[in-house]
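Here is what each chain is made of, one letter per residue.
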Amino acid sequence: MPLSRREALVRLARKYDALIVSDDVYDFLNWEPTDAADGESTRLPRIIDVDTYLDGGPPGLFGNCVSNGSFSKIVAPGCRVGWAEGTPEFIRDLSAAYVLSPLNFFPCMNLNKRLQGLVPLWWCTFAAHVDLHQRYV
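Residues numbered from 1 in each chain as written. Predicted model: local features only at pLDDT ≥ 70, side-chain atom pairs only at ≥ 80, totals over all residues. Heavy atoms only, no water.

Quick look at a nonpolar patch on the surface
- Where nonpolar side chains cluster on the molecular surface, the patch consists of Leu3, Leu44 and Tyr53 and spans about 230 Å² of accessible area.
- Looking at the element boundaries, Leu44 is found in the loop between β1 (20-23) and α2 (47-53).
- Classification of Leu44 as partly exposed rests on a relative accessible area of 34%. (Patch = residues over 30% accessible without salt bridge, like charges linked within 9 Å, V, L, I, M, F, W, Y side chains within 5 Å. Areas by Shrake-Rupley, 256 points an atom, 1.4 Å probe, with all protein chains shown as cover. Salt bridge = Lys/Arg side-chain N within 4 Å of Asp/Glu carboxyl O. Helix = DSSP H or I, 4+ residues; strand = E, 2+ residues; numbered from the N terminus. Buried < 20%, exposed > 50% of the residue type's maximum accessible area, 1.4 Å probe, protein only.)

A few points about the pairing of β1
- On β1, burial follows the alternation: Ile20 and Ser22 on one face are buried, whereas Val21 and Asp23 on the facing-out side are not.
- Inspection of the sheet shows β1 paired to strand β2 (residues 65-70) by 4 bridges, in the parallel sense. Each bridged residue has a counterpart across the sheet, and for Ile20 the counterpart in β2 is Cys65. (Pairing = 2+ DSSP bridges.)

As for the sheet that holds β2
- Ordered in space as β1-β2-β3, the 3 strands form an open sheet in which the pairing is mixed. Both edges of this open sheet fall to β1 and β3 (82-85), since each of them pairs with a single strand only. The sheet shows a mean angle of 20° between the axes of neighbouring strands, direction not considered.
- The sheet contact formed by β2 and β3 spans 4 bridges and is antiparallel. Within β3, the position partnered with Gly69 by the bridge is Trp83. (Axes fitted to C-alpha atoms, helices over the stretch in contact; angles between N-to-C directions.)

Focus on the side chain of Glu7
- Structurally, the position occupied by Glu7 is in helix α1 (residues 3-15).
- Buried charge Glu7 goes without a salt bridge, the closest partner of opposite sign being Arg11 at 4.4 Å.
- Those residues in contact with Glu7, other than ones at most four positions away along the chain, are Val50, Tyr53 and Leu54. (Lys, Arg positive; Asp, Glu negative; His and termini not counted. Contact = heavy atoms within 4.5 Å.)

So, unusual backbone geometry
- At Asp17, a residue that is not glycine, the phi angle is positive and equals roughly 50°.
- With respect to the helices, strands and loops of the structure, Asp17 is situated in the loop between α1 and β1.
- For Asp55, which is not glycine, the phi torsion reads 55° and is therefore positive.
- In this structure, Asp55 sits in the loop between α2 and β2.

Here's the deal with the side chain of Thr87
- One can find Thr87 in the loop between β3 and α4 (88-97).
- Excluding its chain neighbours within four sequence positions, the residues that come into contact with Thr87 are Pro58, Leu61, Phe62 and Gly63.

Details of the nonpolar core
- Within the largest apolar cluster, 8 residues are counted, these being Val10, Ala13, Ile20, Ile47, Ile48, Val50, Leu54 and Cys65.
- When residues of this core are assigned to their parent elements, the largest contribution, 3 residues, is made by α2.
- Excluding residues that lie within four positions of it along the chain, Leu54 makes contacts with Glu7, Val10, Arg11 and Arg14. (Core = buried A, V, L, I, M, F, W, Y, C linked by side-chain atoms within 4.5 Å.)

Describing the environment of Gly86
- Structurally, Gly86 can be placed in the loop between β3 and α4.
- With 20 residues separating them in the primary sequence, Gly86 and Val66 have C-alpha atoms 4.8 Å apart.
- What Gly86 contacts, discounting residues up to four positions off in sequence, is Ile48, Cys65 and Ile91.

Laid out in structure tokens, this is it:
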């Protein structure tokens, strides 16, 4: 989705006080090249990121977007670990409303920053899969 549509979607959600639930399970597997002219990434911001900065940020404490992610798609199909990302107030209330269990939910702030360090590992795995596919398929 182009950036202009992402911004329009967030503005629409703000206008009607709606919540966008963004399924970002593949977000960390974005391998777009960098722009050769200035070295900047061509990767578009996620909708939750747009909600964070657009027009000075969310008008309320809870924002209008929550993002979910999962290791089951990006690391291992059997690994049933996921997370939700939103404003601190939204995550606090989500964790209070949800039945807390070690098997169900573990709130963690700034998980995005921690996961970015794993991208090189995922890239190596991805490259190995491509290599095997080219050799044997």
